[in-house]
Amino acid sequence: MIVPILMCGGSGTRLWPLSRKSYPKQFATLLGDESLFQASARRYSGADFAAPVVVTGDAFRFIVTKQLDEIGMAADTVLIEPEGRNTAPAAIAGALHVAGGDPDALILIAPADHAMADPAGFRDAVLVGAAAAREGRIVTFGIRPTRAETGYGWLEAGEESHPGVRTLSRFIEKPDADRAAALLGNPGNLWNAGIFLVRARTLVEAFEAHAPAIRQSVAAALEAARTDLGFCRIDEALWAGVPEDSIDYAVMEKAANVSVVPYEGPWSDLGSWEAVWTEMPRDTAGNALSDNATALGCEGSLLRSEDEGIELVGIGLKNVVAVAMKDAFMVADMSDSQNVKTAVKVLKDKGASQAVQLPRDYRPWGWYETLILSDRFQVKRIHVHPGAALSLQSHVHRSEHWIVVAGTAKVTVDDEVKLLTENQSVYIPLGAVHRMENPGKVPMVLIEVQTGAYLGEDDIIRYEDIYARG
């Protein structure tokens, strides 16, 4: 059995405004009906694969479990990184965890934000590399290039060592345009997919040889980890001392036992809006359109409205990306779509919340979004999953009025507990200890009206919380 180690802790700034720090691209529905994370979990499942080990951040732990549950899957373990330290620490954390149970288990280290239109074909490619991995090779996967791409690292494949597997001659850094064109002309050159198949023991040994400080500090932080609501929470203080590096730089470019499986099928890391445009269906003029988007006289453009209440219309556009959301719009020339992360930095510098925060704020119990925000009042829509509950809490600066618009709410206000159904409401006085729960089997939705001198999310005193938040 192959144990997938899905890495999904990145911030995804290159696909802003859809992807933001609070809800990065791996959890968004970019292509089809599933998130990239869900598609990745499905891709690495079946008779030859064990349940995945997921490495993610604290803010995403309940999103991970919820999205897996939606597709009928569950993780073997969810490792919570206290903070992102690049791919090398995440990869060795997963490898050490698996090696603790079976040092000779095959692990597949994979980002959870790639797109592959032929998942069965890539599973077959993984199985091609399994024999070499069992013999102590680190097997990576090279994508057959279709263009002189400057946004990817490349691989130079050598002689065949096993059926369908070639030794890796070298890693090639992201090239400039002229170098990329030259690389494209050599059939032995491939795009670097950043996916690795290896025995857990072999990867641990490779880190010991080439990045001992990372291996040792991650091992110490993992040894001090604690279980929290079924998650494995890596020790925060020890993790802060882990060196930050990518797995390519830390280990792969130094190791002598790396092989590559060439993969001929479609693949994208969706690292820009141009890449998303490439993967979406397009009309006869080359336009990729979402629902609620209309193109009039446009050519080669991507128009996406991410809000059903916003109709996006492009007129006479050529090679343009336009993405509309409730709180932010982005318009760029297709050739500049790699530079979206620069815009995010500018927004951060000016203090714009849109740089990192989606209008919809996802929580363990569901989500909420602000409908109106003024100086002394705020109106929210709150969605609570079946069986979920908010913390027992009070506020120092605001009172609240709840109106149930769908489902049933179990409401606690001080010593009183009652059920509210559709069109019923309750008032929460300032300072009252209160909680809302969804005792039903369908989502519960309510409108919350807050009034007070201060409406910040930090005005919460928690007394009980089933999600163990501070």
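Residues numbered from 1 in each chain as written. Predicted model: local features only at pLDDT ≥ 70, side-chain atom pairs only at ≥ 80, totals over all residues. Heavy atoms only, no water.

**What about the overall build of the protein?**
Link 1 in the chain: For the protein, the count of helices and strands is 12 helices and 28 strands.
Link 2 in the chain: Relative to the 2.2 N^0.38 estimate, which gives 23 Å for 470 residues, the radius of gyration of the protein is 24 Å and therefore close to what a compact globule would have.
Link 3 in the chain: Carbon and sulfur atoms make up 50% of the accessible area of the protein, which totals about 20,400 Å².
Link 4 in the chain: The average position of the 44 basic charges and that of the 62 acidic charges among the side chains of the protein differ by 1 Å. (Helix = DSSP H or I, 4+ residues; strand = E, 2+ residues; numbered from the N terminus. Rg over C-alpha atoms; globule rule 2.2 N^0.38 Å. Areas by Shrake-Rupley, 256 points an atom, 1.4 Å probe, with all protein chains shown as cover. Lys, Arg positive; Asp, Glu negative; His and termini not counted. Charge placed at Lys NZ, Arg CZ, Asp CG, Glu CD.)

**Notes on empty space enclosed by the protein**
Link 1 in the chain: Evaluated as defined, the whole model comprises 1 cavity of 30 Å³ or more.
Link 2 in the chain: Of the pockets and cavities examined, the largest cavity occupies roughly 210 Å³.
Link 3 in the chain: Along its surface, the largest cavity is lined by 21 residues, and Trp365, Leu390, Gln393, Glu457 and Ile460 are the ones closest to its centre.
Link 4 in the chain: Secondary structure elements with two or more residues in the lining of the largest cavity: strand S20 (377-384), strand S22 (398-406), strand S26 (434-437) and strand S27 (444-452).
Link 5 in the chain: For the lining of the largest cavity, a count of residues per class yields 7 nonpolar, 5 polar and 9 charged. (1 Å grid on protein atoms, 1.4 Å probe; cavity = no way out; pocket = protein on both sides within 12 Å on 5 of 7 lines; lining within 4 Å. Points joined across faces, edges and corners; volume = space filled by probe spheres on them. Nonpolar A, V, L, I, M, F, W, Y, C, P; charged D, E, K, R; others polar.)

**Structural notes on the layout of surface pockets**
Link 1 in the chain: Reported here for the second largest pocket is a volume of approximately 1,300 Å³.
Link 2 in the chain: As for the second largest pocket, its lining consists of 45 residues, of which Tyr23, Ala28, Thr29, Arg360 and Tyr362 are closest to the centre.
Link 3 in the chain: Those elements that place two or more of their residues in the lining of the second largest pocket are helix H2 (61-70), strand S14 (302-305), strand S18 (360-363), strand S19 (366-373) and S20.
Link 4 in the chain: The element best represented in the lining of the second largest pocket is H2, accounting for 6 residues.
Link 5 in the chain: Across the lining of the second largest pocket, the residue classes break down as 20 nonpolar, 12 polar and 13 charged.

**Here's the deal with the UniProt feature "domain: Nucleotidyl transferase" (unreviewed entry) in the protein**
Link 1 in the chain: Listed under "domain: Nucleotidyl transferase" (unreviewed entry) in the UniProt record, and renumbered for this structure, are residues 4-283.
Link 2 in the chain: The straight-line gap between the two end C-alpha atoms of residues 4-283 is 36 Å; of that span, 34% is helix and 24% is strand. (UniProt positions renumbered as here; feature names shortened; annotations may be inferred.)

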